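Examination of the molecular architecture
Residue strings, one per chain:
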Amino acid sequence: MLRINDILEKVQSYLPPSEVERIEKAYIFSASVHQGQVRLSGEPYLTHPMEVCGILADMKLDAATLVTGLLHDTVEDTLATQEQIEESFGKEVAFLVDGLTKISKITLGNQEERQAENFRKMILAMSSDIRILLIRLADRVHNMRTLEFQTPERQVYIAKETLELYAPLANRLGINWMKVELEDLSFRYLDFEAYNDLAKRVVKKKDKRDDYTEEVRSIIAKEMGLLGVSVEVEGRAKHFYSIYKKMKEQHINFDEVFDLTAFRIILDSDKEKDCYEALSVVHALWKPVPGRFKDYIAMPKANHYQSLHTTVIGPYGERVEIQIRTKAMHEWAEEGIASHWRYKEGVAFSSTDEDQIKILRDLLDVQQETENPREFMSNLKVALFPEEVYVFTPNGDVKSFPKGATPIDFAYSIHTDIGNKCIGAKVNRSIVPLKYQLQNGDTVEIITQSGHHPSKDWLKFVVTSRALAKIRNWVKTEEREKSVALGKDLLEKEFKKHHLKFGSFAKSKEMDGILAESHIDSLEDLMAAVGYGRVSPKHIIHRFLPEEEVRKEDVVDTTSKKGSATEPFGVSLTGIDDVMVRYAKCCDPIPGDEIIGYISRGRGVVVHTAGCPHIRDMDTERLVDVHWDVRQKRDYLVQMRAICNDKKGILADLSAAISMLDVNISHAETTTDQNGKATCDFTVNVNDLHQFNRIVEAVKKVRGVVSVQRLWRT
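Residues numbered from 1 in each chain as written. Predicted model: local features only at pLDDT ≥ 70, side-chain atom pairs only at ≥ 80, totals over all residues. Heavy atoms only, no water.

Scanning the protein from terminus to terminus reveals 28 helices and 21 strands. Taking all 714 residues of the protein together, the buried fraction comes to 49%. About 35,900 Å² of surface is accessible on the protein, with carbon and sulfur atoms providing 50% of the total. (Helix = DSSP H or I, 4+ residues; strand = E, 2+ residues; numbered from the N terminus. Buried < 20%, exposed > 50% of the residue type's maximum accessible area, 1.4 Å probe, protein only. Areas by Shrake-Rupley, 256 points an atom, 1.4 Å probe, with all protein chains shown as cover.)

Moving on, we get to the environment of Ser-230. Assignment of secondary structure puts Ser-230 in the loop between α12 (206-226) and β1 (231-237). Ignoring any residue separated from it by four or fewer positions in sequence, one finds Ser-230 in contact with Ile-266, Leu-267 and Asp-268. Of note is the side chain of Ser-230, whose polar atom sits 2.4 Å from the side chain of Asp-268. (Contact = heavy atoms within 4.5 Å. Polar contact = N/O pair within 3.5 Å; in protein donor to acceptor, adjacent residues only side chain to side chain.)

Here we take up the sheet that holds strand β21 (residues 705-710). Taking strand neighbours across the sheet as the criterion, the 4 strands line up as β19-β20-β18-β21 in an open arrangement whose pairing is antiparallel. Across the chains shown, the open sheet's two edge strands, defined by having one partner strand only, are β19 (664-672) and β21. Here the average twist between neighbouring strands, direction ignored, is 20°. As defined by bridge partners, β19 adjoins strand β20 (residues 677-686) across 8 bridges and the pair is classed as antiparallel. Residue pairing in the sheet places Ile-665 in a bridge with Val-684 of β20. Across the sheet, helix α27 (residues 650-659) lies against β18 (636-645), β19, β20 and β21, angled at about 25° from β20, the strand it touches most. With respect to the sheet, helix α28 (residues 689-700) is in contact with β18, β20 and β21, its orientation differing from that of β21 by roughly 165°. (Pairing = 2+ DSSP bridges. Axes fitted to C-alpha atoms, helices over the stretch in contact; angles between N-to-C directions.)

On to unusual backbone geometry. Phi is positive for Lys-60, which is not a glycine, with a value near 55°. Overall, the relative accessible area of 54% leaves Lys-60 in the exposed class. Phi at Asp-662 is positive, roughly 60°, even though this residue is not glycine. Within the fold, Asp-662 resides in the loop between α27 and β19.

Moving on, we get to helix α15 (residues 327-335). Working note: α-helix, 3.6 residues per turn, so residues spaced by three or four point in the same direction. Residues of α15 that are buried: Met-329, His-330, Trp-332, Ala-333 and Glu-334. Two residues or fewer after α15 comes Gly-336, characterised by a positive phi angle close to 60°.

In this section: the packing of helix α8 (residues 131-145) against helix α9 (residues 152-172). With their axes 11 Å apart at the nearest point, α8 and α9 run at an angle of 145° to one another. Handedness of the crossing formed by α8 with α9: left-handed. Residues Leu-133, Arg-136, Leu-137, Arg-140 and Met-144 of α8 touch α9, and the partners they reach there are Ile-158, Ala-159, Glu-161, Thr-162, Tyr-166, Leu-169 and Ala-170. The residue inventory of the contact of α8 with α9, partitioned by class, reads 8 nonpolar, 1 polar and 3 charged. (Left-handed = near helix turned anticlockwise from the far one by under 90°. Nonpolar A, V, L, I, M, F, W, Y, C, P; charged D, E, K, R; others polar.)

Right, let's talk about the side chain of Arg-140 for a bit. Secondary-structure assignment places Arg-140 in helix α8. The class of Arg-140 is buried, set by a relative accessible area of 11%. Beyond its immediate stretch of four places on either side in the chain, Arg-140 contacts Ile-158, Glu-161, Thr-162, Tyr-166 and Leu-182.

Enumeration according to the criterion identifies 13 aromatic pairs in this entry. Geometrically, the ring pair formed by Tyr-212 and Tyr-316 is tilted, given 6.1 Å between the ring centres and 50° between the ring planes. In this pair, Tyr-212 is assigned in helix α12 and Tyr-316 in the loop between β5 (308-313) and β6 (319-326), connecting sequence segments 104 residues apart. Look at Tyr-212 and you get buried, because its relative accessible area is 7%. Aromatic rings pair up to connect Phe-187, Tyr-195, Phe-240, Tyr-241 and Tyr-244 into one cluster. The residue whose ring lies beneath Lys-301 is Tyr-296, and the NZ or CZ to ring-centre distance is 5.0 Å. Just above the ring of Tyr-305 sits the side chain of Lys-301; from NZ or CZ to the centre is 5.0 Å. (Phe/Tyr/Trp six-rings, centres within 6.5 Å; stacked < 30°, edge-to-face > 60°. Lys NZ or Arg CZ within 6 Å of the ring centre and 35° of its normal.)

Our focus in this paragraph is the sheet that holds strand β14 (residues 595-600). Taken together, the 4 strands give an open sheet; going across it, the order is β13-β15-β14-β16, and neighbouring strands pair in mixed fashion. The open sheet has two edge strands, β13 (581-583) and β16 (623-624), and neither has a second partner. Of the pairings in the sheet, the one linking β13 to strand β15 (residues 604-609) comprises 3 bridges and is parallel in character. Across the sheet, residue Arg-582 finds its bridge partner in β15, namely Val-606.

In protein structure, a disulfide is the covalent linkage between the sulfur atoms of two cysteines. Per the counting criterion, the structure on display carries 0 disulfides. Here Cys-612 is not cross-linked by a disulfide; its sulfur's nearest cysteine counterpart is in Cys-586, at 3.5 Å. (Disulfide = S-S within 2.5 Å.)

We now examine the environment of Ala-656. Along the chain, the position of Ala-656 falls in helix α27. Linking Ala-656 and Val-702, residues 46 residues apart in sequence, is a C-alpha distance of 9.8 Å.

Geometric descriptors of this kind do not, in isolation, establish any biological role.
Okay, here's the thing in structure tokens:
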């Protein structure tokens, strides 16, 4: 357990005595207000703010940040008030604590809304002071280190959120050590069997790898010394999650991952040209692997990471990955914005810090019009992209985009009007399709036409959050106009059936009551809801009919629906009645999956898995909450794929592993490639997600299996 003396010892090396005293005072205050509180682990609650403060001290952050680390839960979880914090520790600390408290105090309905609002507030708070985000990240690091005391369900939820959002945020700020730790801890809880297996394999090879690492390190250091270049050479094992990702993406097993160790050459010099000279020494020693050289000095990553990356054929024919950077570059690569942060009054941010804050602030600006929490989270995850391509404007300016970006993404990055009016693009002076995926080094020119508008089809291939938000906003406006007209038409017809005029009741008190009950702001919004299929015209007309006529209609409806094949099977819908329910064929949802409903015109509600790739192309106004309500078991078809080392009888071995679980295989197909890999696709009948997960675990245990995954149909 971390002690206050440990923290004070850390901060004495870089903070004046007066600031150290403030931290000690905050510790005493936190200890008194948290007295008697315990964590799920059974430890005193004080251990949490202490550990958060310790993480911030390791990052050498200022006294106000460390004091806030000790106090960050006091207003939320104890009787302490904001006024007490300000009186005892000043306005700056009170502001930081208030920012963190506002993020935590969210009481919205469902989990998705809470998560979306949490991140919206976090990015907004960060806009005024990025230290709020740094403390929040440190808080998440310690919570992940103690995740074992949560329930299995909470472990999976928190680990998934961390992997998808907090780790990419740390990466965006350039804090590499934090990103690595959050990824590995998340991996451990999301797939413990794969994590444990990988850990054992890495340990088994450790001695051999250590010897090899030392040999390569000595050769590089010796050659650099002969040239009179002062360097530090590090050799570090890659972290588990990066190895796991490589195995999954390249469909290889552990024994085929050759570059388990990454080497770093850190130059004492601050001159960029010395990095290129060091690169020439490495390439003179060992032959470089074609296509594996990346120059992040000339074209830094979006988080301002700079290094030269190369892969060479090292001793004994093994591939060796080498990074070359100056000390300043290395400091940024590990600590990111935390290493450049300046707190002293009157000292401006460096341009690098301002750029980083602007990038994250832009994430929020793009989302201001995005009210739907699902859409906001989807856009945020896209914005925190891990891989980038670098392209040039016709003027020679460099712009970075996520991998897979298209000319449409490029157009919207320049200006919304350029994106909306885009009709074509030239890449390297040649006309290309709008769905062309930009490549490193491309020069892009956009062709526009006045009066042209975005197409809904663009949503199928754009990847940046800005382009997605702008196109969706345009489509939503267009769809809304159509839905308002359709809703008005449906209401007029329903009223006419009962010899009433809709226009006569449109501004009545009864209509105001319907709007208030439905939490709808205006008559136009109500007509849009009817047009979208969210509100039934019958529900509206019933408020204007005598009770006897309403009861008569209900009897007719009940009789006509009795034994209907369209009755929802295993799914309950929130706020919608009398609709046909179907399961989407693209993602084959099964009980246990997170699901979402889509109101389709004329075909009822189509149920998709929440992770279905087609959801992002849909009108968010038509998405509705649905839940599993399974009262009797039934079979659901699911597709899965196993990548294996090709060998005789592999299909039989896999089929036997599945059949042992008393599961029916509806279809099986195997193909092989030139690299000795077999792709085995199965369609199986399962009752729920738990049974499918058991199948996956059983298949993973078959000798020769490299990876197993669920398949989505296209």
